[in-house]
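If you want the building blocks of each chain, they are given just below.
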Number of protein chains: 2
Amino acid sequence: MEHTWRCDIRVTDLGEFGIIARIVGRLPQFPAVLLGPGDDAAVLRAPDGRVVVTTDLLLEGRHFRRDWSSPDEIGRKAAAQNLSDVVAMGADPTAIFVGLGLPGDLPVGWLDGLTDGFRDECALVGASVAGGDIVRSEQIVLGVTALGDLGGRAPVTRSGARPGQVIALAGRLGHAAAGLALLLATGDAGPGSGLGSGSDGGGVLREPGAFLELVDAHRRPRPPYACGPAAAILGATAMLDVSDGLLQDLGHIASASGVRIVVEPGALPVPDVLAAAAAELGEDPLGWVLTGGEDHALVAAFPEEVSLPPEWKIIGRVTEGEGVQVTGRAEAEGGWDHYRE
Amino acid sequence: MEHTWRCDIRVTDLGEFGIIARIVGRLPQFPAVLLGPGDDAAVLRAPDGRVVVTTDLLLEGRHFRRDWSSPDEIGRKAAAQNLSDVVAMGADPTAIFVGLGLPGDLPVGWLDGLTDGFRDECALVGASVAGGDIVRSEQIVLGVTALGDLGGRAPVTRSGARPGQVIALAGRLGHAAAGLALLLATGDAGPGSGLGSGSDGGGVLREPGAFLELVDAHRRPRPPYACGPAAAILGATAMLDVSDGLLQDLGHIASASGVRIVVEPGALPVPDVLAAAAAELGEDPLGWVLTGGEDHALVAAFPEEVSLPPEWKIIGRVTEGEGVQVTGRAEAEGGWDHYRE
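None of the values given here were measured: they were computed from a predicted structure.

Asks: Just to check I follow, could you spell out the interface of chain A and chain B for this structure?
Replies: Note: interface size is frequently given as the accessible area lost on complex formation between the parts. Taken together, the contact between chain A and chain B spans 51 residues of the former and 51 residues of the latter. In this assembly, chain A packs against chain B so that about 3900 Å² is buried in total across both faces, 61% of it on carbon and sulfur atoms. For chain A, the biggest contributors to the area lost against chain B are Asp-40, Val-53 and Leu-57 of chain A; these three give 18% of the whole. On inspection of chain A and its partner chain B, the count reaches 4 salt bridges. A salt bridge links Arg-158 of chain A to Asp-40 of chain B; its shortest N-O distance comes to 3.4 Å.

Asks: Could you clarify how one ought to interpret the pattern of salt bridges in this entry?
Replies: Any two side chains of opposite charge can pair, given that their charged atoms come close. Tallied over the entire structure, the rule returns 35 salt bridges over all chains. One salt bridge connects Asp-48 of chain B with Arg-50 of chain B, and the closest N-O pair in it is separated by 2.5 Å. Just as Asp-48 of chain B is buried, Arg-50 of chain B falls in that class too. Through salt bridges with shared partners, a single ionic network connects Arg-22, Arg-26, Asp-112, Asp-116, Arg-119 and Asp-120 of chain A.

Asks: Looking at this structure, how should I read the sheet that holds strand β8 (residues 238-241) of chain A?
Replies: Strand-to-strand pairing in sheets goes through backbone hydrogen bonds, with the strands running parallel or antiparallel. Residues and elements named next belong to chain A. Strands sit in the order β8-β10-β7-β11-β9-β12 across an open sheet of 6 strands; the sheet is mixed. With one partner strand each, in any of the chains shown, β8 and β12 (323-326) form the two edges of the open sheet. Between one strand and the next, the sheet's axes are offset by a mean angle of 25°, whatever the strand orientation. The pairing of strand β9 (residues 260-263) with strand β11 (residues 313-319) spans 4 bridges and is classified as antiparallel. The residue of β11 that forms the bridge with Arg-260 is Thr-319. Contacts between helix α2 (residues 71-87) and the sheet are confined to β8 and β10 (298-302), with β8 contributing the most and set at about 175° to the helix.

Calculation rules
- Residues numbered from 1 in each chain as written.
- Chains lettered and ligands numbered in written order.
- Predicted model: local features only at pLDDT ≥ 70, side-chain atom pairs only at ≥ 80, totals over all residues.
- Heavy atoms only, no water.
- Contact = heavy atoms within 4.5 Å.
- Buried area = accessible area lost by both parts, 1.4 Å probe.
- Salt bridge = Lys/Arg side-chain N within 4 Å of Asp/Glu carboxyl O.
- Buried < 20%, exposed > 50% of the residue type's maximum accessible area, 1.4 Å probe, protein only.
- Pairing = 2+ DSSP bridges.
- Helix = DSSP H or I, 4+ residues; strand = E, 2+ residues; numbered from the N terminus.
- Axes fitted to C-alpha atoms, helices over the stretch in contact; angles between N-to-C directions.

So this is what it looks like as structure tokens:
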């Protein structure tokens, strides 16, 4: 059964406690969860004596579309963007909590897929889905909160970058933005379309299957989770995950640290598939790389003398001043001005 | 200026970062917050080495109405229902995180009121509003997560009630349900109506101002916060906050503990104002007390020999068996059956 969400049972048939029991039954709990779902609140281990917390709200139609992504992909993506915020502090994620607004006619199989997506993305970092809340809503609403443990390390904030340091990148840039552009150009791009299966979906793209990797990047980010805590151990002085676009997010580091960041565009990765998709759509691939969000790459400032492992690629440097400069581009040109704070 | 939300500035005029700056500017942080809003995630103290976590999703129209409650009341209520879950574990709340879905045309003054409501309710227990997320939405969506510290105590779950113990209550029952019934009966009951101001609102009630206390209870719960950690210290063996109605919530303790709970209706508080409102509307006040939610009273099981302070009133006892029995009422009668699990 390829599309398990084409099941006839709807969440309204289960009732609130039935829905909760069904969700909880799919969620194993790791040892950091001392008390899991089923009480007024959960109890987690916080061995460090401090806890890292972040929350995001995701709305159907604005942050995801059921006709563009499978429930598993939506659950993974909602978990990923929160887990990524935790690792960007240099912490190890321990658990997420999910507030779910669900339409009464939502197929139960779809909810199963969503639950599994949350669970499986969390499992990548050893975190549990340790609790949540269910309410009825017209459209799907996902309120996700992620927690993490610093393991004795100082949190890596946005404010520690200093002139003379290098800026390094772990993970992908521009892939999710390219995937979104491909989905928008293709029109119908549901799970049964060419972009999902690699077959001819009948869209405007002649060979959408060739760009499946990019569409997949939009549907399911692959944050370089392990690089976050590793960066803290390596001595990163500032870090964040790229969720709003590299330039805008580097602008946050520049502003919080009181420094200027200079990006070398030649050092930015522009893989062939990105260049090919840009050519197909008449776009600038570097635009996707510089301003696309949702891949949840990590960018960090490190002391110049640090020896970085291969996951990290140096893409720029920190200087005196303010704002973000892309070498070879005038600041007033190309629309980068509004990324400065 | 009585209605500060009749301000001409809309949230869309501020932009995302302007909104965040405005909210954060109204939120002092208590010392438990090591790193507050403005980074990928917040960092909180968790001195106990464990952290208590709960989350709720609240939707406009389903959980609150802008024409029935002020923004301050909505913020307070959303915070209260989460803080109450934390104290029901015997923990001290440390912080809440708020995911806000806001319409673009929402007046900024309304958002200020909501923010102040979150802040002021949290301040009652020494907790901070330590972070959040802003997204644009058609209707207001509130995703609230609360955290707490156990201070070295064992969490008080739902599963520790044992035959021979007593069931005790702290806080009010039925007030919020009566207030909601009054609002529904009155029709227009916005902030300028009789129910809000005590003047004649022109509704079906002849003297709505006489029941202002009950309407206020619907708009703003007053959970007995301090009684939660105090109960843990007194030796409570099971506890929860009444959010779905006393009988249903006692059913959760009975089910989780594998016991029967017998409630003495004569021991339940039915103040005059509740009786008068019930007479006015032709309702049974004991029905509100037994099945009304949203007052967030605490109910707990204690060893029989415990000496309870005056905040706690014994309302029943734990026996062998299962389910919840109200003395003097046949179980098959009165519609209580569906509260048994």
